[in-house]
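Take a look at the letters that make up each chain.
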Amino acid sequence: MHAPARPSKLSVIGAGGVGVAIAYAALIRGSADVVALHDIDAPKVEAEVLDLAHGTQFLVAKRVEGGADPRVVEGSDVVVITAGAKQRPGEPRLALAARNAEILKAVLPGVREHAPDAIVMLVTNPCDVLTVLAQREGGLDPSRVLASGTVLDSSRLRWLLSELVHVDARSVHALMIGEHGDSEFPLWSRARIGPLLVREWMEEGRARFSAADLDRIADDVVHAAYRIIEGKGATSSAIGVSSARIVEAILRDERAVLPVSSVLDGQHGISGLALSLPTIVGRGGIERVLEVPMADDELARLHASAEAIDASLRSVGG
C-alpha cells in the first residue's frame, strides 16, 4: 500500500486585506489542504484565523491555522508574501519600493528558516522589484520565486473586452505584460476573442475596435487599481482569487500558462529583472518563460518596463 500523500500547505504572510482575501479564496477554492496565516500583529492574525476557522464546515480546504510565530509557515509548499505598506490613492506602485523592501528583508529570514523548500510568491507591491530583491537577498533559485505579476491585470483586460463584445470572459484570450504597474501594456498583436484577433472582431460590417478604442481599454486596465483604491481604500477580492489560482497551478503541477512575474534570463534580451510574460507554471514554480513573438512597438514597451523596474531597484540599492 502507498503511504497517504502529505497534505499540501499554503502559508500567507501578512494578515491585511490582501492576505486575508488570499487565504479566504484559497480555503473556499480548496487551493491547498492547509492554509496558514502569519502576521507580527498577534491579536489581528489570531482574530482573522478564528474568523476563517468558524466557517470550516463550509470550506473545501481541510484546515486553517496561523499566528504571530513565524514557525506557522513550517512545512509550507508555497509561501505568499503580502506584508507591506498600503498603496496610497494616486501613488504609483514603484513608489512603494523603499518602504516595502525593508519589510521584505525582515520577513525573508523566517521563510528561509522554517520553509526552506517552499516556492515563494510575492504579492506585495511593487511585486516585480521585490521579486528581484527576494531572489537576491534570499539566495533563492530564480525558478522558485515569482510574483503574481499581471495575472490580475490580464483578468481585468479579459473582463472588459468580454463586456464590450458580450461574450464569456473565458473565451477572451488576452494578456497584459511587463511591469505590474504603470508601464504594463496589452499584447494586442496576440489578443483573441475565440479564434479571432481582437483587431479582427467585426460588428455591423466593420472593425469593432479602433486604435483609439484599444488605447482607452489599455488605459482603463492600467488605472483600474487606482479607481478601486480611491473608492474603497485598497484592492483585495480579485487579487485574492487570482493569487489562489496561481497557487493551484503550482500545487497541482498544472503547467498552466499564466503571466506571472519572474527574474528573466535573457528572454527578449532582458536579464536580472522581473517582468510578467506568459509562463508555464507548475510544481517546480517557473517551468519556462515563453518568448512570444511581439510587434516592434510592443518589444520597445517591454524594454521600457524593464528600465522602470531597473531604476526602482537602483533607488533601493538593489
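In the block above lies the structure referred to throughout.
A brief structural summary. Note on numbering: residues in each chain are counted from 1, in written sequence order. The predicted nature of this model means local features are confined to residues of pLDDT at least 70 and side-chain atom pairs, given and counted, to a pLDDT of 80 or more, with totals for whole chains, interfaces and linings taken over all residues. Excluded from the side-chain calculation are hydrogens and water; included are all heavy atoms of the structure.

**Re the overall build of the protein chain**
(1) Moving on: The numbering of helices and of strands both runs from the N terminus, where a helix is a DSSP run of H or I of at least 4 residues and a strand a run of E of at least 2. A count of helices and strands for the protein chain gives nine helices and 18 strands.
(2) Moving on: The quantity called the radius of gyration is restricted to C-alpha atoms. Its globule counterpart is 2.2 Å times the number of residues to the power 0.38. Its C-alpha atoms give the protein chain a radius of gyration of 19 Å, near enough to 20 Å, the size a compact globule of 318 residues would have.
(3) Moving on: In this description, contact between two residues means that some pair of their heavy atoms is separated by no more than 4.5 Å. In the protein chain, 69% of the contacts between residues at least 6 apart in sequence involve partners at least 24 apart.
(4) Moving on: All accessible areas in this document rest on Shrake-Rupley with a 1.4 Å probe, and a residue is counted as covered only by the protein chains that are shown. Within the structure as shown, the protein chain displays about 14,200 Å² of accessible surface, and the carbon and sulfur contribution to it stands at 53%.

**What about the sheet that holds strand β10 (residues 192-193)?**
(1) Moving on: At least two bridges found by DSSP between two strands is the condition for calling them paired. Pairing is antiparallel across the open sheet formed by three strands, whose spatial order is β7-β10-β11. Strand pairing shows two members of the sheet lacking a second neighbour, β7 (172-173) and β11 (196-197), which therefore form its edges.
(2) Moving on: Sheet topology places β7 next to β10; two bridges connect them, and they run antiparallel. Across the sheet, the residue bridging to His-173 is Arg-192, located in β10.

**A word on unusual backbone geometry**
(1) Moving on: With an omega dihedral of -5 degrees, the bond running from Asn-125 to Pro-126 counts as a cis peptide bond.
(2) Moving on: Here Pro-126 is to be found in the loop between β5 (119-122) and α4 (127-138).
(3) Moving on: Unlike most non-glycine residues, His-268 shows phi in positive territory, near 55 degrees.
(4) Moving on: Within the secondary structure layout, His-268 lies in the loop between β15 (261-265) and β16 (271-276).

**So, the pairing of β16**
(1) Moving on: When β15 meets β16, the two strands line up antiparallel, connected through four bridges. Pairing of Ser-261 across the sheet is with Ser-276, part of β16.
(2) Moving on: Linkage of β15 to β16, two consecutive antiparallel strands, is achieved through a turn of five residues, within which Gly-266 is found at a positive phi near 100 degrees.

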